[in-house]
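# A structural walkthrough
Below, each chain spelled out in residue letters.
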Amino acid sequence: MEYPSLIIFSDGVPSRNGGGISQTLYNLFDTYPSEKITLFTDVEDYLESEETLLKGSVIKIRLNYFQPIRNRLGKFFNPIFFVLNCWIREAFASHTKLKINDKKTFFLISTSHLERLHFAYYTSKRLGIPLITYYMDDWMSTISKSWLTDNSMSFVKKTLTDSIGIILISKGLENSLVAQYGGLSKKVLIVHNPVSLHDHEERVLSNDYQKLRIVYTGSIWPMHLDAIVFLARAVSLLRGQGIAVDFIIYGKPVFWDTYKNIFSPLGVEYGGFIDYNEMHKVLQGASICLLATSFLAEYAAYAKTSLQTKITDYMAAGKPILSLGPDYAIGHEFVNQYQCGYCIQDNEPSLIAEKLVYLSRNQGLLSDMGVRSLNAVKENFSKDIVQKKLYRYLNDLSN
């Protein structure tokens, strides 16, 4: 199989500890020939640690010529700067002197920012490279912007129409895009975060706990926060009744520091930051792992389309998933499809608490769901399976 050359542009250099888009791209391409990968980035301090980054040559690019102002003057000047930056990206050079030596080269863009999508679209055209768009949620429907030559909705439709290939995180996202922009003319590939299973035979599905231990890993963004708080309040209620339940959050300190005044009084524990390579060992101490989706209407687009990266990491550890969110959350659909967890659609802590008691009294159910989690990953989301599917897709596009 041939490997076409790739220019990958995202919200940061793909990293195994990056979370979300960054982590998914790392897991998708960490076995791809590094000499075939060029990484664009506009992020200044992207070097967390060389060993955690996706291997490939890195080129710094200039995304904006007029930088946003971070004070009260920004309310007036930033919309003007946005329009000017769009005009510059469309009218002038591609911001890089990159020479394309391989005729089979693709520009792969995966971002949650309009400006980066805009850069990728016009740079790929100027370089004469086919564009591949990889959307991981429907952030596009949450913005409404216009500039001299276009507006956000018609521009997104243009990227979908002109891309040689379209990769999406979920079928729900495909349905959402079709409803908004019409039929997708290009072949669509559904790709979710793949996980390594090289040590799965050594994993022990250990759910024999005297008390329920709920674990959450990763970022805490507004589209997760309220659901996490509802669970924390439910756990606090149970503790007040003398029922032993632990709720532990692992993630970067910035998230814990931001919300610890909410979580600490409710008895939530902070487990610290863990390297991605150590995650599965840490997860062995969990009874069930939390997938949190906001109940707020303003985040409905994300809830319906974004299948969070962490879900397959939980499953690879052989753990059942506690999917907490509104009835339209795509996480519920996923969990029900693979029968790998338990769904709660209530945002009332007392009702959540009742269901946690049920789970705590049914350790056999948790164990069975954990077994199904691991089996589903082995059959559908291992790196070996997902990477082969993706690389074959890219190879087919190049021929």
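Everything discussed here concerns the structure shown above.
Each value, and the rule that gives it
- Residues numbered from 1 in each chain as written.
- Predicted model: local features only at pLDDT ≥ 70, side-chain atom pairs only at ≥ 80, totals over all residues.
- Heavy atoms only, no water.
- Helix = DSSP H or I, 4+ residues; strand = E, 2+ residues; numbered from the N terminus.
- Rg over C-alpha atoms; globule rule 2.2 N^0.38 Å.
- Buried < 20%, exposed > 50% of the residue type's maximum accessible area, 1.4 Å probe, protein only.
- Pairing = 2+ DSSP bridges.
- Axes fitted to C-alpha atoms, helices over the stretch in contact; angles between N-to-C directions.
- Contact = heavy atoms within 4.5 Å.
- Phe/Tyr/Trp six-rings, centres within 6.5 Å; stacked < 30°, edge-to-face > 60°.

Along its length, the protein chain carries 14 helices and 13 strands. Here the C-alpha atoms of the protein chain give a radius of gyration of 22 Å, agreeing with the 21 Å that 2.2 N^0.38 yields for 399 residues. Expressed along its principal axes, the backbone C-alpha trace of the protein chain runs to roughly 65 × 55 × 40 Å. Expressed as a percentage of the 399 residues in the protein chain, the buried residues total 56%.

Before going further, it helps to spend a moment on the sheet that holds strand β9 (residues 245-250). If you walk across this open sheet you meet the 6 strands as β10-β9-β8-β11-β12-β13, and the pairing is parallel. Among the strands making up the open sheet, the edge pair consists of β10 (269-272) and β13 (341-344). For this sheet, the mean angle separating the axes of adjacent strands, direction not counted, is 30°. As judged from the 4 bridges shared by strand β12 (residues 321-324) and β13, these two strands associate in the parallel manner. Bridge pairing in β13 links Ser323 to Cys343. Against the sheet, helix α6 (residues 222-240) makes contact with β8 (212-217), β9, β10, β11 (288-292) and β12, and its axis sits at roughly 150° relative to β9, the strand it touches most.

Looking now at the side chain of Ser124. Counting through the fold element by element, Ser124 comes out in helix α3 (residues 114-127). Setting aside chain neighbours within four positions, we find Ser124 in contact with Phe107, Ile129 and Leu131.

The next point concerns the packing of aromatic side chains. Given two aromatic rings, one states the distance between the centres and the angle between the planes to describe the pair. Counted by the stated rule, this structure contains 27 aromatic pairs. Judged by centre distance (6.0 Å) and plane angle (15°), the rings of Trp256 and Phe263 are stacked. Seen from their ring centres, Tyr259 and Phe263 are 6.5 Å apart, and the 70° between their planes marks the pair as edge-to-face. In this pair, Tyr259 and Phe263 are both assigned in helix α7 (residues 253-263), 4 residues apart and thus about one turn of the helix distant. In this structure an aromatic cluster arises from ring pairing among Phe82, Tyr121, Tyr122, Trp147 and Phe155.

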